[in-house]
Amino acid sequence: MSLEPSESTVIMMLIAILPIFITAYVLYLIRAVKGPTIADTVLAIDAFFFDVTVFVAVLGLIFKQPIMMVVAIVFALWAYALDVYVAKYLERGEMGD
Amino acid sequence: MISAILIYVGWALLVVGAIADLIAAIGLNRFPNFFVRLHAATIGTIGGAFYPLLGVALIAFGAEFLGPYRFFMGGAALVTAFLVLLLAPAGSHALARAAHRSKVVKPEPVVVDHLEEDGGGE
């Protein structure tokens, strides 16, 4: 008897998680559209993109594409860059040199 | 045997992360103002992104059907998890500080604001 799950079992286990993530994304986007201030929008977009990182990584496992993990790293860095640029703009009124 | 343990532990981390993500998204919609919503956003980044990425890494290490590139996938997922762990709190902190100092967001209800009295941390 083998405890190890088969390939189709693992793929099904991964696919079963995706609806929870998609529900969370819709809720994040509702907050991003509603605002009411610029800081709320940026905070929602920030959390949204950190979770898109996870989504892309899980899709990489499902489709067996190693290159999608590289995309996940870029998403994480992009969300941080958005945070820092908006913070800089709010504080000083310019984007910096 | 060891790969079965890796897959199940990784999947458990993914489930915990998905639930934390959903809770954070609900909280982001329910909380009253920006400084309270920061709390929900922290759940969404550490609980909803760091844990699932660790889970993805464990599944990639354990799932042998992914082929020889599975160690690359697991390693990249670990690096991403570490970056999220470092960058998400730093970004949230920078945004909160900027929002307070530029007075874009009014902190209310407020009892005492020491940061305001100190000149915004100058």
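Below you will find a few notes about this structure.

Focus on the overall build of chain A
(1) Moving on: Within chain A, the regular secondary structure consists of three helices and zero strands.
(2) Moving on: Expected size for 97 residues packed as a compact globule is a radius of gyration near 13 Å; at 18 Å, chain A overshoots this value by more than 25%.
(3) Moving on: When the backbone C-alpha atoms are referred to their principal axes, chain A occupies close to 65 × 30 × 20 Å.
(4) Moving on: The buried share of chain A, taken over its 97 residues, is 40%.

Description of the overall build of chain B
(1) Moving on: Looking only at helices and strands, one finds four helices and zero strands in chain B.
(2) Moving on: In sequence order, the secondary structure elements of chain B are arranged as α-α-α-α.
(3) Moving on: Here chain B has a C-alpha radius of gyration of 19 Å; the compact-globule value for 122 residues is 14 Å, and the former is much larger.
(4) Moving on: In terms of principal-axis extent, the alpha carbons of chain B reach across some 60 × 30 × 20 Å.
(5) Moving on: The long-range share in chain B, meaning contacts at least 24 apart out of those at least 6 apart in sequence, stands at 63%.

Focus on the interface of chain A and chain B
(1) Moving on: Contacts between the two partners involve 47 residues from chain A and, on the opposite side, 54 residues from chain B.
(2) Moving on: Tallying contributions element by element places helix α2 (residues 38-63) of chain A first for the side of chain A that touches chain B, with 16 residues.
(3) Moving on: When the residues that make up the side of chain A that touches chain B are grouped by side-chain class, the tally is 34 nonpolar, four polar and nine charged.

Thoughts on the nonpolar core
(1) Moving on: Ala57 of chain A together with Leu53, Ala60 and Ala77 of chain B are the most contacted members of the largest nonpolar core, which totals 68 residues.
(2) Moving on: If you list the elements that add at least two residues to this core, you get α1 (7-34), α2 and α3 (68-92) of chain A together with α1 (2-30), α2 (34-62) and α3 (70-101) of chain B.
(3) Moving on: Tallying contributions element by element places α2 of chain A first for this core, with 15 residues.
(4) Moving on: Here alanine 60 of chain B is in contact with Leu61 of chain A together with Leu66, Arg70, Met73, Gly74 and Ala77 of chain B, once residues within four sequence places are set aside.

Some details on the packing of α2 of chain A against α3 of chain A
Residues and elements named next belong to chain A.
(1) Moving on: Where α2 meets α3, the axes come as close as 8 Å, and the angle between the chain directions of the two elements is 175°. Classified by the angle between their axes, α2 and α3 sit roughly antiparallel to one another. Contacts between α2 and α3 pair Val42, Ile45, Asp46, Phe49, Phe50, Val52, Thr53, Val56, Ala57, Leu59 and Gly60 from the former with Met68, Met69, Val71, Ala72, Phe75, Ala76, Trp78, Ala79, Leu82, Asp83 and Val86 from the latter.
(2) Moving on: Along the lines of polarity and charge, the residues of the contact of α2 with α3 split into 18 nonpolar, two polar and two charged.

Each value, and the rule that gives it
Residues numbered from 1 in each chain as written. Chains lettered and ligands numbered in written order. Predicted model: local features only at pLDDT ≥ 70, side-chain atom pairs only at ≥ 80, totals over all residues. Helix = DSSP H or I, 4+ residues; strand = E, 2+ residues; numbered from the N terminus. Rg over C-alpha atoms; globule rule 2.2 N^0.38 Å. Buried ≥ 20, exposed ≤ 12 C-beta atoms within 10 Å, placed from the backbone. Contact = placed C-beta atoms within 7 Å. Nonpolar A, V, L, I, M, F, W, Y, C, P; charged D, E, K, R; others polar. Core = buried A, V, L, I, M, F, W, Y, C linked by C-beta atoms within 7 Å. Axes fitted to C-alpha atoms, helices over the stretch in contact; angles between N-to-C directions. Parallel < 35°, antiparallel > 145°, perpendicular 65-115°, else oblique.

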